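# Observations on chain architecture
One-letter residues, chain by chain:
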Amino acid sequence: MNPTKKDIRKLSQQDLEVYFQSIGEKAFRGKQVYEWLWKKNAHDFNDMTNLSKNLRENLDAAFRIQPVEVDFLQKSNDGTIKNAVKLHDGNVVESVLIPTETRTTACISSQVGCSLDCTFCATAQLKRMRNLTAAEIVDQVVIIDRESREYFDRPLSNIVFMGMGEPLLNYTEVVEAIKKITLPEGLGMSPRRITLSTSGIPKMIEKLADEDLKIGLAVSLHSAREEIRNKIMPFSVKFPLTDLLKSLQYWYDTTKSKITFEYIVWKDINDKKEDIDALVRFCKRVPSKVNIIEYNTIDDGPYQQASPQVLNAYIDALEKNGIIVNVRRSRGKDIDAACGQLANKTTK
């Protein structure tokens, strides 16, 4: 790879139109190439068959395309597929296809490693190497859509930014990727089928609300008691629950979209009545629903799945207060593809 070449997928359609005019070509060539890159997902200039051979050679001399590739794939007993995705610089991230009877969901990564320090998450044990580009994020979606069609005979239906990394700490590239995924000149998927999951960064949540992307928002909450949440997610000391709540109220007022709280219940950590009562009070402050997530133990450390009786106590309390609650059973546990387990074990 020639490092002097520009990454063509970092150019906007307008940038491409300007480039073509600068070399004496018609501006519409920019739109053609843009569609090849984002609508048809071309990774080789020679595939752009409505361009002359000479023009394709000029593009190849001036630009590079840096697609991701599946280093290897693992299939779970429950049908879940985990991809180890190699980037152009040799770094690896993981993405997951989660099938059900009615849908296939792509769980997408946004960073190599993670910027945060959630003590229960395997990804957080990796230092953040770098942010992914919009193109690298979109490539994951394209790969999983292809796998969905191949293995389950239907197109990808949903996308969740719940893989490696904190999406709101790669804000610009993540927003650009969402636009490439949803706009007609890109993949053309409905934004209503996309959910961005964040650990809770108030200012960035408000900024995202103003983008009017029409996507869903999920927040990894795990405790509505400040002292407990700070132990589970130490970075949250900088982002008190009062600030988080204010940003979520802004999100709802701006987008009219309910927030989903992701909530894992651990034995001896957040399994007491006061934990349940705190969550109910928090949920009543903003239109929301709760996904209680089955935990996958990383090791023999302090984080162990709470008892079914405690989970039922949470469910009963939330339902009695009119709060929608779902229990999300873990998928892909046998291939380390479940929630909190993406850890680049394949990286040398």
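Here we summarise the structure given alongside this text. Within each chain, residue numbers correspond to sequence positions counted from 1 in written order. Two thresholds apply to this predicted model, a pLDDT of at least 70 for residue-level local features and 80 or more for giving and counting side-chain atom pairs, whereas whole-chain, interface and lining totals are computed over all residues. For side-chain calculations, the full set of non-hydrogen atoms in the structure is used, while hydrogens and water are omitted.

## What about the pattern of salt bridges?
What counts, and what does not: Whenever Lys or Arg places a side-chain nitrogen within 4 Å of a carboxyl oxygen from Asp or Glu, that contact is recorded as a salt bridge. For every residue, the accessible area (1.4 Å probe, protein chains only) is compared with the maximum for its type, and the residue is labelled buried under 20%, exposed over 50%, or partly exposed between those bounds. Every helix listed is a DSSP run of H or I at least four residues long, and every strand listed is a run of E at least two residues long, numbered separately from the N terminus.
Scanning all chains against the criterion turns up 13 salt bridges. Taking the shortest distance from any N to any O, the salt bridge between Lys 272 and Asp 271 comes out at 3.9 Å. For Lys 272, a relative accessible area of 35% gives the class partly exposed. With its nearest N and O atoms 2.8 Å apart, the salt bridge here joins Asp 277 to Lys 273. Here Lys 273 and Asp 277 lie together in helix 9 (residues 273-284), a separation of four residues that amounts to about one turn. For Lys 273, a relative accessible area of 58% corresponds to the exposed category. Sharing partners across several salt bridges, the network here consists of Asp 89, Arg 130 and Glu 136.

## Section: a positive patch on the surface
Convention followed: In this analysis, a patch consists of residues with relative accessible area above 30% that form no salt bridge, clustered at 9 Å for like charges and at 5 Å for the nonpolar side chains Val, Leu, Ile, Met, Phe, Trp and Tyr. Note on areas: Shrake-Rupley with a 1.4 Å probe; residue coverage comes only from the protein chains shown. Note on charges: Lys and Arg go in the positive column, Asp and Glu in the negative column, and His and the chain ends are not counted at all. In this description, the location of a charge corresponds to atom NZ of lysine, CZ of arginine, CG of aspartate or CD of glutamate.
Side chains of Arg 103, Arg 193, Lys 258, Lys 289 and Arg 328 sit close together on the surface and give a patch of like positive charge. Positionally, Arg 328 belongs in strand 14 (residues 324-328).

## A closer look at the pairing of strand 6 (residues 104-107)
A regular strand places its side chains on the two faces of the sheet in alternate fashion. Our working definition: DSSP-based pairing: two strands are paired if at least 2 bridges between them are found.
Taking every second residue as pointing to the same face, both faces of strand 6 are buried, with Thr 104 and Ala 106 on one and Thr 105 and Cys 107 on the other. Relative to strand 6, strand 5 (residues 92-99) runs antiparallel, the two being bridged by four bridges. Across the sheet, residue Ile 98 finds its bridge partner in strand 6, namely Thr 105.

## Thoughts on the sheet that holds strand 4 (residues 81-86)
Filter applied, for reference: Helix axes are fitted to C-alpha atoms over the stretch in contact, other axes to C-alpha atoms as well, and angles between N-to-C directions run from 0 to 180 degrees. When checking whether two residues touch, look at their non-hydrogen atoms; a contact exists if any pair is within 4.5 Å.
Read from one edge of the open sheet, 10 strands run 3-4-5-6-9-10-11-12-13-14, paired in mixed fashion. Each edge of the open sheet is held by one strand with a lone partner, namely strand 3 (69-75) and strand 14. Ignoring which end each strand starts from, the neighbouring axes of this sheet average 20 degrees apart. Relative to strand 11 (residues 216-220), strand 10 (residues 194-198) is paired through four bridges, and the arrangement is parallel. By the bridge assignment, Ser 197 is partnered in strand 11 with Ala 218. The sheet contacts of helix 5 (residues 171-182) involve strand 9 (158-161) and strand 10, and relative to strand 10 the element is tilted by about 165 degrees.

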